[in-house]
2 protein chains.
Amino acid sequence: MISQKARYALRALIALSRANNSMMIAQIAEEQQIPRKFLEQILLDLKHNGIVASRRGRLGGYGLLMPPDQITFGRVLRIVDGPVAPLPCLSRIAYRRCTDCKTEANCEIRRVFARVAEAVRDVLDRTTIADAIGNGWPEIAGAEKNAEKEKKSVPLQA
Amino acid sequence: MISQKARYALRALIALSRANNSMMIAQIAEEQQIPRKFLEQILLDLKHNGIVASRRGRLGGYGLLMPPDQITFGRVLRIVDGPVAPLPCLSRIAYRRCTDCKTEANCEIRRVFARVAEAVRDVLDRTTIADAIGNGWPEIAGAEKNAEKEKKSVPLQA
DNA sequence: TAAAACACTACTTATTAGATAGAGTTTTGG
DNA sequence: CCAAAACTCTATCTAATAAGTAGTGTTTTA
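Everything numeric here is computed off the predicted structure, so don't read it as measured data. (Residues numbered from 1 in each chain as written. Chains lettered and ligands numbered in written order. Predicted model: local features only at pLDDT ≥ 70, side-chain atom pairs only at ≥ 80, totals over all residues. Heavy atoms only, no water.)

J.: Help me out: how do you make sense of the overall build of chain A in this one?
T.: Secondary structure summary: chain A contains 7 helices and 2 strands in total. Sequence-ordered secondary structure for chain A, helices as α and strands as β, is α-α-α-β-β-α-α-α-α. Per-residue burial for chain A yields a buried fraction of 49% across its 158 residues. In chain A, the proportion of contacts linking residues at least 24 apart, taken out of those at least 6 apart, comes to 62%. (Helix = DSSP H or I, 4+ residues; strand = E, 2+ residues; numbered from the N terminus. Buried < 20%, exposed > 50% of the residue type's maximum accessible area, 1.4 Å probe, protein only. Contact = heavy atoms within 4.5 Å.)

Okay, structure coming up:
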């Protein structure tokens, strides 16, 4: 099971992608029904990991640091939940040998779960936020809408 | 990540399959380096779920209730760890609606993880203990060895 | 009939999930 | 220039879960 936190993170990123503009924490929190202070931490974490950028002060807010079709589910999950692998000894970002199994190469359990891990990565590392919402970025059809919003948009800071 | 408990369960079942005979808890615990009292609980749980059978008293022990090629990883994991699905709303054994998402049918996150769930089940529900150890049961080649052991073997109780 | 083995239930302890709280730092409208 | 608005950071809290321990009860058989 993925954590609630990871789901919040994904929902926030989807919201930001749809908005096609920066949004304030409070705005995302209300729209997505996410506890505001919890969302703050999540966004901060995503910022520290180069997914989003922010701006402080009165016209502050968060925005994507890259187009939605470059943000994979796998990357977000690894930031928020840690390893995606079903066993520590199969993790790429946090490999840890299993203390008990003698020789990793012929561990029956590892062999089976290696196939699970591969299947999971096959989906998570190939599916982006853009795939999830069903379009790329920037929205080509929304050119006029974008132009209108650009007046109000302010540069964000990584 | 799957739990340590699930790994112990799988290892115990692999040991029982290899032994091709009933084993005492203490025997499995020592061989597999599993805390004995913890293993007791696990085996009891597997017994309550029809995977293994036991016999009490002096010549007691545990044995498989079905051939290893009929015990899938998925079944064991669901008994020991609960749902295999990445989201409650994708679980077959413990479905729970996500409180927050309005309409399940067009939840972007659910759509993506449905593909993950399918991929995971594809491996876990098709892979058996026999697959993991690389042979079926009973061992056709071990006919004489089996006959020898049959003298000592005692019927187990489901 | 007592020792050996499983059966059951309750407890413990450490970690994690899911928040909440609050003080600090930037930014900007007036 | 300053106060309100918004992000930043760190600490704390509570409930649940993971992983294991403990102890008493029940069954079997040498």
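J.: I would appreciate a short explanation of the protein's contact with DNA strand D in the present structure.
T.: Of all residues adjacent to DNA strand D, which total 29 residues, the nearest are A:Lys47, A:Tyr62, B:Lys37, B:Gln41 and B:Arg55. Taking A:His48, its side chain carries an N or O atom lying 3.0 Å from a phosphate oxygen of DNA strand D. Residue A:Tyr62 places a side-chain N or O atom 2.2 Å away from a phosphate oxygen belonging to DNA strand D. Among the secondary structure elements, those contributing two or more residues to the surface near DNA strand D are α3 (36–48), β1 (52–55) and β2 (61–64) of chain A together with α1 (4–19) and α3 (36–48) of chain B. (Near = heavy atom within 4 Å. Polar contact = N/O pair within 3.5 Å; in protein donor to acceptor, adjacent residues only side chain to side chain.)

J.: For this particular structure, what's the right way to read the pairing of strand β2 (residues 61–64) of chain B?
T.: Remember that side chains alternate between the two faces of the sheet whenever the strand is regular. All names here are of chain B. Both faces of β2 are covered, namely the face carrying Gly61 and Gly63 and the face carrying Tyr62 and Leu64. For strand β1 (residues 52–55) and β2, the ladder comprises 4 bridges, and the chain directions are antiparallel. Residue Ala53 lies in a different strand from β2, and its bridge partner there is Gly63. Following β1, the chain reverses through 5 residues before pairing antiparallel with β2; Gly57 in that reversal takes a positive phi of roughly 80 degrees. (Pairing = 2+ DSSP bridges.)

J.: Can you walk me through the pattern of salt bridges in this structure?
T.: Side chains bearing opposite charge may pair, as long as their charged atoms lie close to each other. Counting across every chain of the model gives 14 salt bridges over all chains. Close ionic contact of A:Arg18 with B:Glu108 constitutes a salt bridge, the shortest N to O distance being 2.9 Å. Highlighted residues: A:Arg18 in helix α1 (residues 4–19) and B:Glu108 in helix α5 (residues 108–124), drawn from two different chains. Two residues, A:Glu40 and A:Arg36, come together in a salt bridge whose shortest N-O distance is 3.3 Å. Here A:Arg36 and A:Glu40 lie together in helix α3, a separation of 4 residues that amounts to about one turn. With a relative accessible area of 43%, A:Arg36 lands in the partly exposed category. (Salt bridge = Lys/Arg side-chain N within 4 Å of Asp/Glu carboxyl O.)

J.: Which parts of the structure should I look at to understand the nonpolar core?
T.: For soluble globular proteins, the rule of thumb is that nonpolar side chains tend to be buried together. Core analysis: the largest hydrophobic core is formed by 98 residues, its most contacted members being A:Leu13, A:Leu46, A:Phe113, B:Leu13, B:Leu46 and B:Phe113. With sequence-adjacent residues up to four places away left out, A:Leu46 is seen in contact with A:Ala9, A:Leu13, A:Ile51, A:Val52, A:Val76, A:Ile79 and A:Val80. (Core = buried A, V, L, I, M, F, W, Y, C linked by side-chain atoms within 4.5 Å.)

J.: Would you take a moment to explain the side chain of B:Arg121 for this structure?
T.: All names here are of chain B. Relative to the elements of secondary structure, Arg121 occurs in helix α5. Despite being buried, Arg121 has no salt bridge partner; Asp125 is the closest side chain of opposite charge, sitting 4.9 Å away. Ignoring anything within four residues of it in the chain, the contact list for Arg121 reads Arg78, Ala85, Leu90, Ser91, Arg92 and Arg126. (Lys, Arg positive; Asp, Glu negative; His and termini not counted.)

J.: Would you explain the confidence of the model for chain A in this entry?
T.: Atom-level detail of predicted coordinates should not be read off regions where pLDDT is low. Mean pLDDT over chain A: 89, with 86% of residues reaching 70 or higher. Ignoring residues within four places in sequence, the model shows residues 136–153 of chain A, a span with pLDDT below 50, making 13 contacts including any to other chains. (pLDDT = per-residue confidence, 0-100.)

J.: For this particular structure, what's the right way to read the protein's contact with DNA strand C?
T.: Neighbouring DNA strand C are 29 residues, the closest being A:Lys37, A:Gln41, A:Arg55, B:Lys47 and B:Tyr62. Here, DNA strand C places atoms within 4 Å of the protein, and 69% of those atoms are sugar or phosphate. The separation between a phosphate oxygen of DNA strand C and a polar main-chain atom of A:Gln4 is 3.2 Å. A distance of 2.9 Å separates a phosphate oxygen of DNA strand C from a polar atom in the side chain of A:Tyr8. Those elements giving two or more residues to the surface near DNA strand C turn out to be α1 and α3 of chain A together with α3, β1 and β2 of chain B. Take the surface near DNA strand C: its biggest share by element is 7 residues, from α3(B). Along the lines of polarity and charge, the residues of the surface near DNA strand C split into 8 nonpolar, 9 polar and 12 charged. (Nonpolar A, V, L, I, M, F, W, Y, C, P; charged D, E, K, R; others polar.)

J.: Just checking my understanding: could you explain the side chain of B:Arg11 for this structure?
T.: Mapping B:Arg11 onto the fold places it in helix α1. In this structure B:Arg11 comes out as buried when scored by relative accessible area, which is 13%.

J.: Before we go on, may I ask you to explain the interface of chain B and chain A in this structure?
T.: The parts lose accessible area when they come together, and the size of an interface is often stated as this lost area. Contact residues are listed per partner, giving 34 residues for chain B and 34 residues for chain A. In total, chain B and chain A occlude about 2900 Å² of area from one another, counting both sides; carbon and sulfur atoms represent 70% of this. Here chain B is connected to chain A by 2 salt bridges. Where chain B meets chain A, there are 8 residue pairs in polar contact (both at pLDDT 80 or more). When grouped by side-chain class, the residues that make up the side of chain B that touches chain A number 23 nonpolar, 2 polar and 9 charged. (Buried area = accessible area lost by both parts, 1.4 Å probe.)

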